[in-house]
Amino acid sequence: MNGTEAHSFDLYRIFIGDQPAIFFVEILFRTIVMYLYVLLVLRLMGKREIGQMAPFDLVVLLLIANAVQNAMVGPDTSLVGGVLAAVVLLGLDRLIESL
């Protein structure tokens, strides 16, 4: 092959990815920024509960989630990067909920 051959079940690549370890700090920062941005936008929309949303609003919310996913994790496709983003989102949600 040409030197860039893929190996099946390369566990390091699957879990950690090809990014340097410091990139996980960047994922943490990106996720916090995007969470606060989406939270602000949803508050400006005035819809606080799912029951207040029309089906169109829910579709828009899902599309926003898909759009900001790349902004949160960037080029990282590792499992750890995705789990880190999810943990940060859940932690921020708990923090905001407790305020």
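Below, the structure is looked at part by part.

Scoring rules and cut-offs
Residues numbered from 1 in each chain as written. Predicted model: local features only at pLDDT ≥ 70, side-chain atom pairs only at ≥ 80, totals over all residues. Heavy atoms only, no water. Helix = DSSP H or I, 4+ residues; strand = E, 2+ residues; numbered from the N terminus. Buried < 20%, exposed > 50% of the residue type's maximum accessible area, 1.4 Å probe, protein only. Contact = heavy atoms within 4.5 Å. Salt bridge = Lys/Arg side-chain N within 4 Å of Asp/Glu carboxyl O. Axes fitted to C-alpha atoms, helices over the stretch in contact; angles between N-to-C directions. Parallel < 35°, antiparallel > 145°, perpendicular 65-115°, else oblique. Left-handed = near helix turned anticlockwise from the far one by under 90°.

### A closer look at the overall build of the chain
When you go through the chain residue by residue, the secondary structure sums to 4 helices and 0 strands. Among the 99 residues that make up the chain, the fraction classed as buried is 21%. Expressed as a percentage of contacts within the chain between residues at least 6 apart in sequence, the contacts between residues at least 24 apart total 81%.

### Digging into the pattern of salt bridges
Within the structure shown, the criterion is met by 1 salt bridge. For Arg 30, the salt bridge identified is with Glu 26, shortest N-O distance 2.8 Å. Residue Arg 30 and its partner Glu 26 are both found in helix α2 (residues 23-45); the two are separated by 4 residues, about one turn of the helix. Using a relative accessible area of 32% as the deciding quantity, one classes Glu 26 as partly exposed.

### Topic: the environment of Val 87
Among the structural elements, Val 87 can be located in helix α4 (residues 79-98). Judged by relative accessible area, which is 51%, Val 87 ranks as exposed. Spatially, the C-alpha atom of Val 87 lies 9.4 Å from that of Leu 28, the residues being 59 residues apart in sequence.

### Thoughts on the packing of α2 against helix α3 (residues 55-73)
One way to put it is that α2 packs onto α3 with a least axis distance of 9 Å and a crossing angle of 155°. Looking at the two axes, α2 sits roughly antiparallel to α3. The chirality of how α2 crosses α3 is right-handed. Facing Phe 23, Ile 27, Arg 30, Thr 31, Met 34, Val 38, Leu 42 and Met 45 of α2, the residues of α3 in contact are Asp 57, Leu 61, Ile 64, Val 68, Asn 70, Ala 71, Met 72 and Val 73.

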